[in-house]
Amino acid sequence: MKQYYLYILSSKTETLYIWITSNLIKRVSEHKNKTFDWFSKKYDCTKLVYYEVHTTINEAIRREKQLKKWKREWKINCINSSNPTWKDLYLEEFE
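Every residue gets a number counted from 1 within its own chain, in the order that chain's sequence is written. Only residues with pLDDT of at least 70 are given local features in this predicted model, and only at 80 or more are side-chain atom pairs given and counted; all residues enter the totals for whole chains, interfaces and linings. With hydrogens and water excluded, all non-hydrogen atoms of the structure serve as input to the side-chain values.

Colleague: Mind laying out the sheet that holds strand E3 (residues 47-54), listing which residues take part and the relevant values?
Modeller: Here 3 strands make up an open sheet; going across it, the order is E2-E1-E3 and the pairing antiparallel. Edge positions in the sheet fall to strand E2 (16-21) and E3, since each has one partner strand and no second. For this sheet the average axis-to-axis angle between neighbouring strands, irrespective of direction, equals 20°. Of the pairings in the sheet, the one linking strand E1 (residues 4-10) to E2 comprises 6 bridges and is antiparallel in character. Of the residues in E2, the one forming a bridge with serine 10 is leucine 16. We call two residues contacting when some pair of their heavy atoms lies within 4.5 Å. Lines are fitted to the C-alpha atoms to define the axes, a helix being fitted only along its stretch in contact, and any angle between axes, read from their N-to-C directions, falls within 0 to 180 degrees. The way it works is that DSSP assigns letters per residue, a run of H or I at least four long becomes a helix, a run of E at least two long becomes a strand, and they are numbered from the N terminus. Lying over the sheet, helix H3 (residues 57-69) contacts E1, E2 and E3, oriented at roughly 170° with respect to E2. We treat two strands as partners when DSSP finds at least two bridges between them.

Have a look at this one:
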């Protein structure tokens, strides 16, 4: 069964980047290697601090839109609830 991921990357200054993908390991690796010339590259968002797994693309998109509308404080609380030290989950779980 295919899975979709909503993920949040952070920079050293805690700039947040929210997006979705069907291949979390590959996508975060691309951010870390600065393959993309996007917001994440400009603001050095390379640290995976939060992610969710969804079973449908529509579910992931709905959640992405929801989080992008949230106040910054709510996003930080969401991250803190599962990753209070803001460790890089990519390094902890996928490398």
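Text resumes after the structure shown.
Colleague: Explain the packing of aromatic side chains residue by residue, including any values.
Modeller: A pair of Phe, Tyr and Trp rings is counted when the ring centres sit within 6.5 Å of each other, with Trp represented by its six-membered ring. The angle between the planes then sorts it: under 30 degrees is stacked, over 60 is edge-to-face, the rest tilted. One pass over the full model with this rule turns up 8 aromatic pairs. Here the aromatic rings of tyrosine 17 and tryptophan 19 are separated by 6.0 Å at their centres, their planes lie at 15°, and the arrangement is stacked. Ring-pair connections join several aromatic residues into one group, and the members of that group are Tyr7, Tyr17, Trp19, Phe39 and Tyr43.

Colleague: How would you explain the nonpolar core if you had to name every residue and give the values?
Modeller: In these notes, a set of buried Ala, Val, Leu, Ile, Met, Phe, Trp, Tyr and Cys residues joined through side-chain atoms within 4.5 Å is what counts as a nonpolar core. Here's how the labels work: a residue is buried when its accessible area is under 20% of the maximum for its type, exposed when over 50%, partly exposed in between, all with a 1.4 Å probe on protein chains only. The biggest cluster of nonpolar side chains holds 13 residues, and the ones touching the most others in it are Leu6, Ile8, Tyr50 and Ile79. Put simply, the parts of the chain that give this core at least two residues each are E1, E2, E3, H3 and helix H4 (72-82). For isoleucine 79, the residues in contact, after removing those within four places along its chain, are Ile8, Leu16, Val49, Tyr50, Pro84 and Trp86. Core analysis: the second largest hydrophobic core is formed by 10 residues, Tyr17, Val28, Leu48 and Tyr90 among them.

Colleague: Mind laying out helix H1 (residues 24-32), listing which residues take part and the relevant values?
Modeller: Turning to H1, its buried residues number three or more, namely Leu24, Arg27, Val28, Glu30 and His31. Projection of H1 onto a plane perpendicular to its axis shows the buried side chains occupying an angular sector of 155°, all on one side. Along its buried surface, H1 packs onto E1, E2, helix H2 (39-42), E3 and helix H5 (89-93). What the arc covers is the set of directions going from the helix axis to the C-beta atoms.

Colleague: Describe a nonpolar patch on the surface, with residues and values.
Modeller: A cluster of nonpolar side chains, Trp19, Trp38, Phe39 and Tyr43, forms an exposed patch at the surface whose accessible area comes to about 380 Å². Among the structural elements, phenylalanine 39 can be located in helix H2. Two joining distances apply to patches: 9 Å for like charges and 5 Å for nonpolar side chains (Val, Leu, Ile, Met, Phe, Trp, Tyr), and every residue must have over 30% relative accessible area and no salt bridge. Areas reported here follow the Shrake-Rupley algorithm with a probe of radius 1.4 Å; residue values treat only the protein chains shown as occluding. One side-chain nitrogen of Lys or Arg within 4 Å of one carboxyl oxygen of Asp or Glu is enough to make a salt bridge.

Colleague: Account for unusual backbone geometry, naming residues and giving values.
Modeller: What you tend to see is this: most non-glycine residues have negative phi, and most peptide bonds are trans. Here lysine 34, not a glycine, exhibits a phi torsion of approximately 55°, which is positive. Along the chain, lysine 34 falls in the loop between H1 and H2. Even without being a glycine, aspartate 44 presents a positive backbone phi close to 55°. Positionally, aspartate 44 belongs in the loop between H2 and E3. The class of aspartate 44 is partly exposed, set by a relative accessible area of 27%.

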